[in-house]
Amino acid sequence: MYEDLKDLEKKFEIRDFPLNIAIEPSNYCNLNCVMCAHDKLTRKKGAMDIRLYKKIVDEIAKENPYTRVWLDFYGEPLLAKFRLYYMIDYAVKQGLKNLCFNTNATLLDKEMAEMLLDSGVHFISIDCDGFSAEVYEKIRVGAKRDDMYRNTEYLLQRKKERGLTSPIIEVKAMEMDENKHEIDQILSYWRERGAWTCIRRLISWGGRYDNHADGNAQERIACGSGIGILPITWEGIAVNCVMDVDATYPSGDVNKESIKEIWMRRNEYLVKKQMEHKWDELPEICKTCNDWMVVGEIRYDETGKLLEKSYEAEAEMLSN
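Each value, and the rule that gives it
Residues numbered from 1 in each chain as written. Predicted model: local features only at pLDDT ≥ 70, side-chain atom pairs only at ≥ 80, totals over all residues. Heavy atoms only, no water. Helix = DSSP H or I, 4+ residues; strand = E, 2+ residues; numbered from the N terminus. Rg over C-alpha atoms; globule rule 2.2 N^0.38 Å. Buried < 20%, exposed > 50% of the residue type's maximum accessible area, 1.4 Å probe, protein only. Contact = heavy atoms within 4.5 Å. Axes fitted to C-alpha atoms, helices over the stretch in contact; angles between N-to-C directions. Nonpolar A, V, L, I, M, F, W, Y, C, P; charged D, E, K, R; others polar. Patch = residues over 30% accessible without salt bridge, like charges linked within 9 Å, V, L, I, M, F, W, Y side chains within 5 Å. Areas by Shrake-Rupley, 256 points an atom, 1.4 Å probe, with all protein chains shown as cover. Salt bridge = Lys/Arg side-chain N within 4 Å of Asp/Glu carboxyl O. Polar contact = N/O pair within 3.5 Å; in protein donor to acceptor, adjacent residues only side chain to side chain. Right-handed = clockwise from strand over helix to strand, strands pointing away. Pairing = 2+ DSSP bridges.

1. Quick word on the overall build of the chain
Alright, step 1. On a plain count of helices and strands, the chain comes out with 10 helices and 11 strands.
Alright, step 2. Scaling as 2.2 N^0.38, a compact globule of 320 residues should have a C-alpha radius of gyration of about 20 Å, and the chain matches this with 19 Å.
Alright, step 3. Projected onto its principal axes, the C-alpha positions of the chain cover 50 × 45 × 35 Å.
Alright, step 4. The proportion of buried residues among the 320 residues of the chain is 56%.
Alright, step 5. A fraction of 76% describes how many contacts in the chain between residues 6 or more apart in sequence connect residues 24 or more apart.

Next up, the structure:
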């Protein structure tokens, strides 16, 4: 089951450079999923300038090439098409060891699949929130269940045919009332086809949705999302947390500062206060957000072995 929150908090550490960085190639998406706040975004839509991207990658390569870099924040990365290949290729050539992205896989056609297998990306997490078409398409509005399943099956099959050990391909389900009766079917189906599988709990996106019950304030822990990852929008704005999808509370601008400068300042006004449980001194979005309750996931490898989440700066999780 999900890790105990108190035990989870014991693993959190204040570090001089983020273990996870989310880089947003763009904030466009081709779906309108029921549990997502993308349709509520008010910030401008656009795509990251490649010179800014290179600046970000170059610093990560210098500071810690094992930082887990997610090529998505609040958009669908496959909309970038061949540009995504270039972004991955550049990062690999600069020495980054943990390149990842999340995708809904609806645009994962055969050409895109072969390109990704060629690219050097280390980890692909594919969202699959239903086994039946009825459940999947009710949640993933705008998607076709059979298209997504066919695309993902092709990617897994071609990885096997080409004898590749990388990338790790994970199929992830967000557990909610609409699909909880199909979770076991989803996991079993994809495990049989060689995928890692993962279950995540429903989040509220910083209170934009009433997706889970309020917690007991006396039992509150430091938030893993607020401690362990630095999201960067396509415009280069670093924000405090991945739940701040509208970039309402910026922590810096990587066009003008280094990631490390922003992160160290963020440690002082956000992370330390989280670790010291000074809830009243947190930014307003953190004071009212309950997503600290749902940090974490249950992850299995392709054999069904439970994988323990690691918070160390290492490469083992995504390397072969």
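2. Notes on the packing of helix H6 (residues 145–161) against helix H7 (residues 183–191)
Alright, step 1. Look at H6 against H7: their axes get within 11 Å of each other, and the N-to-C directions meet at 35 degrees. Of the residues in H7, those in contact with Met148, Tyr149, Thr152, Glu153 and Leu156 of H6 are Ile186, Tyr189 and Trp190.
Alright, step 2. In terms of residue class, the contact of H6 with H7 is built from 6 nonpolar, 1 polar and 1 charged.

3. As for a nonpolar patch on the surface
Alright, step 1. A cluster of nonpolar side chains, namely Tyr28, Leu79 and Leu107, defines an oily patch on the protein surface of about 230 Å² accessible area.
Alright, step 2. Mapped onto the fold, Tyr28 is located in the loop between strand S1 (20–23) and helix H2 (50–63).
Alright, step 3. For Tyr28, a relative accessible area of 41% gives the class partly exposed.

4. Points about the environment of Thr106
Alright, step 1. By the secondary structure assignment, Thr106 is in the loop between strand S3 (99–103) and helix H4 (110–119).
Alright, step 2. Between the alpha carbons of Thr106 and Val242 there is a distance of 23 Å; along the sequence they are 136 residues apart.
Alright, step 3. Ignoring sequence-local partners within four residues, the contact set of Thr106 consists of Asn30, Leu31, Tyr136, Ala143 and Asn151.
Alright, step 4. At 2.8 Å, the side chain of Thr106 and the side chain of Asn30 are in polar contact.

5. Some words on the pairing of strand S6 (residues 196–201)
Alright, step 1. Of all 6 residues making up S6, 5 are buried, and the element is well covered by its neighbours.
Alright, step 2. In this fold, strand S5 (residues 168–175) hands off to H7, which returns the chain to S6; that crossover is right-handed.
Alright, step 3. Across 4 bridges, the pairing between S6 and strand S10 (residues 297–300) is antiparallel. Paired with Thr197 across the two strands is Tyr300, which belongs to S10.

6. Brief notes about the environment of Leu156
Alright, step 1. Position of Leu156 among the secondary structure elements: in helix H6.
Alright, step 2. Spatially, the C-alpha atom of Leu156 lies 37 Å from that of Asp16, the residues being 140 residues apart in sequence.
Alright, step 3. Those residues in contact with Leu156, other than ones at most four positions away along the chain, are Ile169, Trp190, Arg193, Gly194 and Ala195.

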